[in-house]
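# Close look at the chain arrangement
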Amino acid sequence: PELRVEPSAVWLTADAGAASVYVGTVGGEVGLAWNATVDVAWLDVEPAAGVTPADLVVRRRNVPLAQGEHRASLRLSQGPHTLAVPVRLWLDSG
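Let me sum up the structure you'll find in this document. (Residues numbered from 1 in each chain as written. Predicted model: local features only at pLDDT ≥ 70, side-chain atom pairs only at ≥ 80, totals over all residues. Heavy atoms only, no water.)

## So, the sheet that holds strand β5 (residues 43–46)
Spatially, the four strands line up as an open sheet ordered β1-β3-β7-β5, and their pairing is antiparallel. Two strands close off the open sheet at either side, each with one partner strand: β1 (3–6) and β5. Direction aside, the axes of adjacent strands within the sheet are offset by 25 degrees on average. Two strands pair when backbone bridges link them, and strand β3 (residues 18–25) and strand β7 (residues 54–60) are joined in this way by six bridges, in the antiparallel orientation. The residue bridging Ser20 from the neighbouring strand is Val57, located in β7. (Pairing = 2+ DSSP bridges. Helix = DSSP H or I, 4+ residues; strand = E, 2+ residues; numbered from the N terminus. Axes fitted to C-alpha atoms, helices over the stretch in contact; angles between N-to-C directions.)

## Focus on the environment of Glu2
Structurally, Glu2 can be placed in the segment before β1. Judged by relative accessible area, which is 57%, Glu2 ranks as exposed. Along the backbone, Glu2 and Gly28 are 26 residues apart, and their C-alpha atoms lie at a distance of 9.4 Å. Ignoring any residue separated from it by four or fewer positions in sequence, one finds Glu2 in contact with Gly24, Thr25 and Val26. (Buried < 20%, exposed > 50% of the residue type's maximum accessible area, 1.4 Å probe, protein only. Contact = heavy atoms within 4.5 Å.)

## Looking at the pattern of salt bridges
Using the criterion set out here, one finds five salt bridges in the structure. As a salt-bridge pair, Glu6 and Arg4 come within 2.3 Å of each other at their nearest N and O atoms. Asp44 is paired through a salt bridge with Arg61; the nearest N and O atoms lie 3.7 Å apart. Remark: Arg61 occurs in the loop between β7 and β8 (68–78) and Asp44 occurs in strand β5; sequence separation between them is 17 residues. Look at Asp44 and you get partly exposed, because its relative accessible area is 34%. Each of Glu69, Arg71 and Arg88 takes part in salt bridges that share partners, so that together they form one network. (Salt bridge = Lys/Arg side-chain N within 4 Å of Asp/Glu carboxyl O.)

Now the structure itself:
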């Protein structure tokens, strides 16, 4: 079975610093174990592991960042398979 997520990409801003991501499978199977990681220090994911179907939260950590766009990847692993979900954070001067 293949993991699937909704949405397929995550956009965060200074005002909306968290987003929910649904984790399921392409065929609708339940009870498929997965692990979640992020590749940058300014991003958290909770929970870091679970079984399908599930919701997880991607949240910006309160660390100093420059204005502009920041990119990251939320990675969901299930056995030998990994699904990468792009995460974008936009910080403006306002």
